[in-house]
Amino acid sequence: MKRYRPSRYALNFIRIAMAALSTAATVLSLRFLRNYPLVMYLLIGLFWSVSFLMGTILLPLYFSRTSYSVSSAAVSKFGGMIFTQRQFMKGSSVQYITTVITPFSGVTAFNFIVINALGGKIFLGFLSRNDALEITSTLNKAIEKRKEPAPKGAK
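Residues numbered from 1 in each chain as written. Predicted model: local features only at pLDDT ≥ 70, side-chain atom pairs only at ≥ 80, totals over all residues. Heavy atoms only, no water.

Remarks on the overall build of the protein chain
Counting its secondary structure elements, the protein chain contains 4 helices and 7 strands. In sequence order, the secondary structure elements of the protein chain are arranged as β-α-α-β-β-β-β-α-β-β-α. Against the globule reference of 15 Å for 155 residues, the protein chain gives a C-alpha radius of gyration of 21 Å, more extended than a compact globule. Taking the principal axes of the C-alpha coordinates as reference, the protein chain spans close to 80 × 30 × 30 Å. (Helix = DSSP H or I, 4+ residues; strand = E, 2+ residues; numbered from the N terminus. Rg over C-alpha atoms; globule rule 2.2 N^0.38 Å.)

See the structure below:
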């Protein structure tokens, strides 16, 4: 089983996006809530507090705890922010795979894989482009190996 981790590029991109959103919210609050200074300062403080809490504590905790193990025999996911969860799926149960590779994925690492089975799915997120393609290739080869031959009477 090969082990994969979410890419740090995704963490950095999310942090930058949160800072940009907080800056935009600050500018909008200063412009449109000037007549209500208490509300304006509360909103600005709320935006920056949430951005700081998410960017320095919760998201790094999620990225450090999350890991994926993939082989042709099984797929497992371990992770979470505050509460951890474990997911396991036998390789023989995998029905199909959806791979999402976004534009600029080399910078953002917003690449995702959804592994579907009867009655369940596992979501692997924030993978580097190479890891996403490698996981997809491994699982597709495993699915191809177990293809059953057509019945003798069928065309």
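Considerations on the side chain of Asn111
One can find Asn111 in strand 6 (residues 111–117). In this structure the side chain of Asn111 is engaged in a polar contact, spanning 3.0 Å, whose partner is the backbone oxygen of Leu127. Excluding residues within four positions of it along the chain, Asn111 makes contact with Val100, Ile101, Thr102, Ser105, Leu124, Gly125, Phe126, Leu127, Ser128, Arg129 and Ala132. (Polar contact = N/O pair within 3.5 Å; in protein donor to acceptor, adjacent residues only side chain to side chain. Contact = heavy atoms within 4.5 Å.)

Topic: the pairing of strand 4 (residues 85–90)
On a regular strand, one side chain projects to one face of the sheet and the next to the other, so that they alternate. Sheet topology places strand 3 (residues 74–79) next to strand 4; 6 bridges connect them, and they run antiparallel. Across the sheet, Phe78 pairs through a bridge with Arg86, a residue of strand 4. Hairpin connection, strand 3 to strand 4: the antiparallel pair is bridged by 5 residues, and Gly80 has positive phi, about 140°. (Pairing = 2+ DSSP bridges.)

Things to note about a nonpolar patch on the surface
Together, Met81, Ile82 and Phe83 make up an exposed nonpolar region whose accessible area comes to about 360 Å². Take Met81: it is sitting in the loop between strand 3 and strand 4. (Patch = residues over 30% accessible without salt bridge, like charges linked within 9 Å, V, L, I, M, F, W, Y side chains within 5 Å. Areas by Shrake-Rupley, 256 points an atom, 1.4 Å probe, with all protein chains shown as cover. Salt bridge = Lys/Arg side-chain N within 4 Å of Asp/Glu carboxyl O.)

Here's the deal with the pairing of strand 6
Of all 7 residues making up strand 6, 7 are buried, and the element is well covered by its neighbours. Sheet topology places strand 5 (residues 94–101) next to strand 6; 7 bridges connect them, and they run antiparallel. Within strand 6, the position partnered with Thr99 by the bridge is Ile113. Relative to strand 7 (residues 120–127), strand 6 runs antiparallel, the two sharing 6 bridges. (Buried < 20%, exposed > 50% of the residue type's maximum accessible area, 1.4 Å probe, protein only.)

Quick word on helix 1 (residues 8–32)
Between its first and last C-alpha, helix 1 extends 36 Å over 25 residues, near the 36 Å set by a 1.5 Å rise per residue. Those residues of helix 1 that sit buried are Ala10, Leu11, Ile14, Met18, Ser22, Ala25, Thr26 and Ser29. On its buried face, helix 1 sits against helix 2 (37–65), helix 3 (105–108) and strand 7. One side-chain oxygen at the N-terminal end of helix 1 lies 3.2 Å from the backbone nitrogen of Tyr9; it belongs to Ser7. (Expected span 1.5 Å × (residues − 1).)

As for the sheet that holds strand 1 (residues 2–4)
Taken in spatial order, the 4 strands of this open sheet run 1-2-3-4, and their pairing is antiparallel. Both edges of this open sheet fall to strand 1 and strand 4, since each of them pairs with a single strand only. Pairwise comparison of adjacent strand axes, ignoring direction, gives a mean angle of 15° for this sheet. Sheet topology note: the strand 1/strand 2 (residues 67–70) ladder contains 3 bridges and is antiparallel. (Axes fitted to C-alpha atoms, helices over the stretch in contact; angles between N-to-C directions.)

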